Amino acid sequence: MAMEWLAEAGHAEEYKGKWWQEIKQNTTFGGYVIGKAAFNDQDLDSKNESHSTFDIRLVRAYVNGQVWDFKYGLQMEMNGVSGGSTEKGPHVLDAWAEWCKFSYLSVKQGQFKRCFTFENPMNPWDIGFGSYSQTTLMLAGMNDRVGEHACNGRDIGLQIQGDLWPSKTDGHAWLHYQLGVYNGQGVNHADRNDNKDIIGGLWVSPVKDLCIGAFGWTGEYSKDNNGQKITVNRNRMAFGVKYESRWTVRGEYVTSEGHKVSDYQVTSDGTTTVSGSDKADGWYATVGVPVTSRCKIYGKWDVYRDQKNSSSQKSIYNVSVNYSFYKNLKIQALYGFVTDKTYVGDQYYNTGEIQLYWRF
């Protein structure tokens, strides 16, 4: 026994070296920048806004890696202006660890993307347009309609997921499931109520690269309004299809039930009243056509209805050309025609963007 202990002690440095070597070999550092120039010809009436602007849309840095059966990730958003609001300055986007020994069951804990809709978990590089769809922005926790701070579709929680029944021909999984429990308050914020958000998804893949699925979300969000805590419901369902290969076909419909925090009015004696609609929905349909190995053209019909009726509908018709100089440098040109029934002024206008994407 003593000899075994001495042998282990003698090799301790060797084992330690291998452990650190494994971390170095399986850890990657990187980041990306997206800059844009945008314009529109909307008659802004009394709005004190410009028709054209240059902007740094995103500056992000990340580290990803794997040690034994554990993956990990940390991502920071570096752009934004700190000051009066801590929501807009540099902050942590992702900070998570995932046990992934089995393909049919993995467990992820930390801060990461909510498992709701096909589009929300996608990287901005892969969307094909200057932004996510309105439905994803408003109903998947990015710039959520309830009044939550900008969260880029993320929250803090625990998620399990897995792939079942791999195909014998190409190895793709026939069925994927995911189920998450989250605070419900978004990124970098502690929970403010006793309720937890439950979000789940289930999809089938009859052929490789094709997914047909459904998602559900039930939970609550709390925020102060005139000094009083207001808690609103978020009960949502989504249905979609996604095919991502050289060609892209992607479409989803999302329906939501639950008021906004701003729908509540707090009187001087502390009583509250509520107005507005507690329902919203939206949908989008995207097609991407490869022109060459470097160039892909996308078209999208993008609709969001903030009160689930025609008078609250905003529709965007987009065409986007993406050209990759090489895998880490891409330029994108986008044209959009907007019909916005929620705006009392000019409801029909054109938009344009040129965005430059580069990774390091």
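Residues numbered from 1 in each chain as written. Predicted model: local features only at pLDDT ≥ 70, side-chain atom pairs only at ≥ 80, totals over all residues. Heavy atoms only, no water.

**A word on the overall build of the protein**
Phase 1 of the analysis: Tallying secondary structure elements over the protein gives four helices and 18 strands in all.
Phase 2 of the analysis: When contacts within the protein are restricted to residue pairs at least 6 apart in sequence, long-range pairs at least 24 apart make up 55% of them.
Phase 3 of the analysis: Just so you have it, the protein exposes about 18,600 Å², and 59% of that area is on carbon and sulfur atoms. (Helix = DSSP H or I, 4+ residues; strand = E, 2+ residues; numbered from the N terminus. Contact = heavy atoms within 4.5 Å. Areas by Shrake-Rupley, 256 points an atom, 1.4 Å probe, with all protein chains shown as cover.)

**Observations concerning a nonpolar patch on the surface**
Phase 1 of the analysis: Together, Tyr323, Phe325, Tyr326, Ile331, Ile354, Leu356, Trp358 and Phe360 give the surface a local cluster of nonpolar side chains, amounting to about 770 Å² of exposed area.
Phase 2 of the analysis: Along the chain, the position of Ile354 falls in strand 18 (residues 348–359). (Patch = residues over 30% accessible without salt bridge, like charges linked within 9 Å, V, L, I, M, F, W, Y side chains within 5 Å. Salt bridge = Lys/Arg side-chain N within 4 Å of Asp/Glu carboxyl O.)

**Describing the nonpolar core**
Phase 1 of the analysis: Phe116, Ile199 and Phe215 are the most contacted members of the largest nonpolar core, which has 17 residues in total.
Phase 2 of the analysis: Residue assignment for this core shows that the elements contributing at least two residues are strand 8 (197–204) and strand 9 (210–225).
Phase 3 of the analysis: When residues of this core are assigned to their parent elements, the largest contribution, three residues, is made by strand 9.
Phase 4 of the analysis: In contact with Ile199, not counting residues within four places along its chain, are Arg114, Cys115, Phe116, Gln178, Leu179, Gly180, Tyr182, Gly216 and Trp217.
Phase 5 of the analysis: In this structure, Met122, Met142, Tyr298 and Leu334 belong to the second largest nonpolar core, which totals seven residues. (Core = buried A, V, L, I, M, F, W, Y, C linked by side-chain atoms within 4.5 Å. Buried < 20%, exposed > 50% of the residue type's maximum accessible area, 1.4 Å probe, protein only.)

**A word on the environment of Phe118**
Phase 1 of the analysis: Within the fold, Phe118 resides in the loop between strand 5 (105–113) and helix 3 (124–127).
Phase 2 of the analysis: A relative accessible area of 4% places Phe118 in the buried class.
Phase 3 of the analysis: C-alpha of Phe118 to C-alpha of Ile212: the two residues are 94 residues apart in sequence and 9.5 Å apart in space.

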